[in-house]
Amino acid sequence: MSEQQRVRVTGPPRRRRIPRGQSPGESDRLGEIYLGSLMRDQLVSAAITLVLLTIGIGSLPLVFWLFPGLASIAPLGIPLPWILLGVLVYPFLVLLGWLYVRRAERSEAAFAELNHKHDQVYPEDDE
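Residues numbered from 1 in each chain as written. Predicted model: local features only at pLDDT ≥ 70, side-chain atom pairs only at ≥ 80, totals over all residues. Heavy atoms only, no water.

What follows concerns the overall build of the protein chain. Looking only at helices and strands, the protein chain has three helices and zero strands in total. Seen in sequence order, the protein chain has helices and strands lined up from the N terminus as α-α-α. By the burial criterion, 14% of the 127 residues in the protein chain qualify as buried. Relative to all contacts within the protein chain whose residues are 6 or more apart in sequence, the contacts with residues 24 or more apart total 68%. (Helix = DSSP H or I, 4+ residues; strand = E, 2+ residues; numbered from the N terminus. Buried < 20%, exposed > 50% of the residue type's maximum accessible area, 1.4 Å probe, protein only. Contact = heavy atoms within 4.5 Å.)

Structure below.
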């Protein structure tokens, strides 16, 4: 009897990603400018989102303090502050998150396109 060698099967073979030597934007001065522009745009997006969040939700206690009559309004038997802070704040947060992600994806797509165009014009020398 001839013995066959056992083969261990763990799953389909996986392709390994070959890491690049440098991150996008680190190869030259123009890439650094592109990367800085992307980071600046992300910072501006985050700041705008934070300001809108602060104005939209953070100002509600001030509004109820300045206009105490609003706190006594109770549509459907539920006090208005509870409706605003317990229900209506969540669609506002989802909207802010959606707008932020949309702007961030647009910025990253523009960065990737610029980087791709730059790589086509100035291919890296593989030595």
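Right, picking up where we left off after that structure.
Let us now look at helix α1 (residues 29-58). Its 30 residues give α1 an end-to-end C-alpha distance of 42 Å, which sits within 8% of 44 Å, the value for a rise of 1.5 Å per residue. For α1, the complete set of buried residues consists of G31, Y34, L38, S45 and I57. (Expected span 1.5 Å × (residues − 1).)

This part covers the environment of A112. Structurally, A112 can be placed in helix α3 (residues 80-121). Judged by its relative accessible area of 46%, A112 is partly exposed. Sequence spacing of A112 and Y34 is 78 residues, and the spatial spacing of their C-alpha atoms is 9.5 Å.

Turning next to the pattern of salt bridges. All chains considered together, the criterion is met by one salt bridge. R103 is the partner of D41 in a salt bridge, and the nearest nitrogen-oxygen pair spans 3.1 Å. Taken together, the positions of D41 in helix α1 and R103 in helix α3 put the pair 62 residues apart, joining distant regions of the chain. On the accessibility criterion, R103 (29% relative accessible area) is partly exposed. (Salt bridge = Lys/Arg side-chain N within 4 Å of Asp/Glu carboxyl O.)

Considering the arrangement of structural elements, one finds S45 in helix α1. The class of S45 is buried, set by a relative accessible area of 4%. For S45, the contacting residues outside a window of four places in its chain are Y100 and R103.

This next bit is on a nonpolar patch on the surface. A grouping of L62, V63, W65, L66 and F67 is seen on the molecular surface, where their side chains present a nonpolar patch of about 550 Å² in accessible area. Looking at where L66 falls in the secondary structure, it is placed in helix α2 (residues 60-66). The exposure class assigned to L66 is partly exposed, which follows from its relative accessible area of 47%. (Patch = residues over 30% accessible without salt bridge, like charges linked within 9 Å, V, L, I, M, F, W, Y side chains within 5 Å. Areas by Shrake-Rupley, 256 points an atom, 1.4 Å probe, with all protein chains shown as cover.)

Moving on, we get to the confidence of the model for the protein chain. Of the residues in the protein chain, 79% have a pLDDT of 70 or more, and the chain-wide mean is 81. Taken element by element, the protein chain is modelled with least confidence in α3, mean pLDDT 87, and with most confidence in α1, mean pLDDT 90. (pLDDT = per-residue confidence, 0-100.)

Most of the time, phi is negative for any residue but glycine, and the peptide bond is trans. Backbone geometry at L76 places phi at a positive 60°, although glycine is not the residue there. Relative to the assigned elements, L76 resides in the loop between α2 and α3.

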